[in-house]
Amino acid sequence: LAQHTGGSVYHLPAFHDSVQGEKLSRDLQHNLTREQGLEAVMRVRASRGLRIASFHGHFFIRGVDLLALPNVDEDKSFAVEIAHEENELGYSGACLQAALLYTTTCGERRIRVMTLELPVTAGLSSIFESADVDACVALTGRLAAEAALATRPMDGAEKLQNGCLEALRAYRSLCPPAVKATNQLLLPDSLRLLPIYTLAAMKSLLYTSPSEARADERSFLVHQLSTASAVQAAVLGHPRLFQVYPPAPRGPSGLPSPLPLTAQAVHTNCAYLLDDSATLSLWVGRGTPAEFTQAAFGFPSLEVGATQAPPSAPSCAPSALLPTLSS
């Protein structure tokens, strides 16, 4: 139902009001107050010689290039596959255009048009060098989820693996013979994270046997992959780890540099925030100073906090990162 109406899916397993009541309240509040359009239709066009091959997301298809969106909001994204109708394009730049006609919650009928022009090249190496790894992960994730639903869960993981291997083989074939003779992994800088993103995505519960994951868990994961943006899809498979204590220097985005997901990057006297685009987990080492646990939880140590209720609401450094992570 959510797939064809543009709706949202929330997962609250073993719901108990004292534990998940606030999350349910905030999810419902966000759902009702976010920017959204009603009774929408979206048309996607491409330059001559290109065609729309397929769409992926939450919508109802009304035509080859026309989507019906009973509800469209700021949290949804769509993936579009473009194919060649002609062997060679006779121009230097190709244009893609998406036009969205919708009704605001105030009753106004509006249209929003987005046009993108991209250079055309005959060199495969140029395509590899300009590839967006997050967009690749988002698209292959949606294709894998569809394969897992249509056949077997493991078929989705195999589709992810085969897609990554095909990209590796195709780029290797473009390299000079002397370079191809080595055993090293050959990838352009733009796709150097593709193998690790693929391996991380293959570990999702969506691709495990039916005995290892419940139907509601799979349904929620499919929803996440079907509506996630490019960045969210990459983070969903390969979470971001930030050090929040001691405070790390922040970059232009307002966030500290993400740490590698290795045991060597985690220390027992520090605190870290793990972001997987769906949840935020705070990891506190046993050696973290009392000043942090007191400010974060109202306890001088984790051992005391395990047996007592917090005396006051937390007001700590990790909360300063939350607005930036959620934006």
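Just so we're clear, the structure is a prediction, and the values are computed from it rather than from any experiment. (Residues numbered from 1 in each chain as written. Predicted model: local features only at pLDDT ≥ 70, side-chain atom pairs only at ≥ 80, totals over all residues. Heavy atoms only, no water.)

Caption draft 1: Expanded view of the overall build of the chain. Each helix and strand in the chain was counted, giving 12 helices and 10 strands. Overall, the C-alpha framework of the chain stretches about 70 × 65 × 45 Å when taken along its three principal axes. Counting across all 327 residues of the chain, residues that qualify as buried make up 37%. Considering only contacts within the chain whose residues lie at least 6 apart along the sequence, 59% involve residues at least 24 apart. Looking at the chain as shown, the accessible area adds up to about 19,500 Å², and 57% of this sits on carbon and sulfur atoms. Of the side-chain charges in the chain, 25 are positive and 30 negative, and the distance between the mean point of each set is 2 Å. (Helix = DSSP H or I, 4+ residues; strand = E, 2+ residues; numbered from the N terminus. Buried < 20%, exposed > 50% of the residue type's maximum accessible area, 1.4 Å probe, protein only. Contact = heavy atoms within 4.5 Å. Areas by Shrake-Rupley, 256 points an atom, 1.4 Å probe, with all protein chains shown as cover. Lys, Arg positive; Asp, Glu negative; His and termini not counted. Charge placed at Lys NZ, Arg CZ, Asp CG, Glu CD.)

Caption draft 2: Layout of the packing of aromatic side chains. Applying the stated rule across the entire model yields five aromatic pairs. Aromatic side chains Tyr-245 and Phe-292 sit 5.2 Å apart centroid to centroid with 40° between the ring planes, which places their arrangement in the tilted category. One end of the pair, Tyr-245, is in strand β8 (residues 240-245); the other, Phe-292, is in helix α10 (residues 290-297), and 47 residues separate them in sequence. What makes Tyr-245 buried here is its relative accessible area of 14%. Note on Phe-292: relative accessible area 4%, which makes it buried. When the centroid spacing of 5.8 Å and the interplanar angle of 45° are considered together, the rings of Tyr-272 and Trp-283 count as tilted. Pair noted here: Tyr-272 is in strand β9 (residues 271-275) and Trp-283 is in strand β10 (residues 280-284), with a separation of 11 residues, a long-range link. In this structure an aromatic cluster arises from ring pairing among Phe-55, Phe-59 and Phe-78. (Phe/Tyr/Trp six-rings, centres within 6.5 Å; stacked < 30°, edge-to-face > 60°.)

Caption draft 3: How the structure looks around the sheet that holds strand β7 (residues 109-119). Spatially, five strands are ordered β3-β4-β1-β6-β7 in an open sheet, and the strand pairing comes out antiparallel. Each end of this open sheet is capped by a strand with a single partner; those strands are β3 (60-61) and β7. The sheet contact formed by strand β1 (residues 36-46) and strand β6 (residues 93-103) spans seven bridges and is antiparallel. Counted as the bridge partner of Val-44 is Ala-98 from β6. (Pairing = 2+ DSSP bridges.)

Caption draft 4: Layout of the confidence of the model for the chain. Looking at the chain, the pLDDT average stands at 84 and 92% of residues meet or exceed 70. Here helix α12 (residues 322-326) stands out as the least confident element of the chain, with mean pLDDT 50; β7 is the most confident, with 93. (pLDDT = per-residue confidence, 0-100.)

Caption draft 5: Structural detail: a nonpolar patch on the surface. On the surface, Leu-101, Ile-111 and Val-113 cluster together into a nonpolar patch covering about 260 Å² of accessible area. On the basis of relative accessible area, Val-113 is assigned to the partly exposed category, the value being 47%. (Patch = residues over 30% accessible without salt bridge, like charges linked within 9 Å, V, L, I, M, F, W, Y side chains within 5 Å. Salt bridge = Lys/Arg side-chain N within 4 Å of Asp/Glu carboxyl O.)

Caption draft 6: Seen up close, the nonpolar core. Ranked by size, the top nonpolar core spans 14 residues in total, and within it Val-133, Val-137, Tyr-171, Leu-191, Leu-194 and Tyr-197 carry the most contacts. Of all elements in the fold, only α4 (133-150), α5 (153-174) and α7 (194-202) reach the threshold of two or more residues within this core. Counting residues per element, this core draws most heavily on α5, which supplies four residues. If we ignore the near neighbours within four places in the chain, the residues touching Val-133 are Ser-190, Leu-191, Leu-193, Leu-194 and Tyr-197. Grouped together as the second largest cluster of nonpolar side chains are 12 residues, Ala-40, Ile-52, Leu-69 and Leu-100 included. (Core = buried A, V, L, I, M, F, W, Y, C linked by side-chain atoms within 4.5 Å.)

Caption draft 7: Structural view of α10. The set of residues buried in α10 consists of Phe-292, Thr-293 and Ala-296. Buried residues along α10 cover an arc of 95° about the axis, so they all sit on one side. Downstream of α10 by one or two residues, Gly-298 has phi in the positive range, about 80°. (Arc of directions from axis to C-beta.)

Caption draft 8: The arrangement of the side chain of Thr-104 in detail. Secondary-structure assignment places Thr-104 in the loop between β6 and β7. With residues up to four places along the chain from it excluded, the contact list for Thr-104 reads Gln-36 and Arg-110.

Caption draft 9: Molecular detail of the sheet that holds β9. Read from one edge to the other, the open sheet built from three strands follows the order β8-β9-β10, with strand pairing classed as antiparallel. Taken across any chain shown, the strands that pair with only one partner, and hence form the sheet edges, are β8 and β10. Strand-to-strand twist of the sheet, defined as the mean angle between neighbouring strand axes without regard to direction, takes the value 25°. In this sheet, β9 lies alongside β8 in antiparallel orientation, the contact comprising five bridges. Of the residues in β9, the one forming a bridge with Phe-242 is Leu-273. Contacts between α10 and the sheet are confined to β8, β9 and β10, with β10 contributing the most and set at about 145° to the helix. (Axes fitted to C-alpha atoms, helices over the stretch in contact; angles between N-to-C directions.)

Caption draft 10: Representation of the side chain of Thr-198 in the model. Secondary-structure assignment places Thr-198 in helix α7. Since its relative accessible area comes to 9%, Thr-198 is described here as buried. Residues within four places of Thr-198 in sequence aside, it is in contact with Leu-160, Gln-161 and Cys-164.

Caption draft 11: Inspection of the pairing of β6 at higher detail. When β6 meets β7, the two strands line up antiparallel, connected through 11 bridges. Across the sheet, Gly-93 pairs through a bridge with Pro-119, a residue of β7. Connecting the antiparallel pair β6 and β7 is a turn made up of five residues, with Gly-107 showing a positive phi of about 95°.

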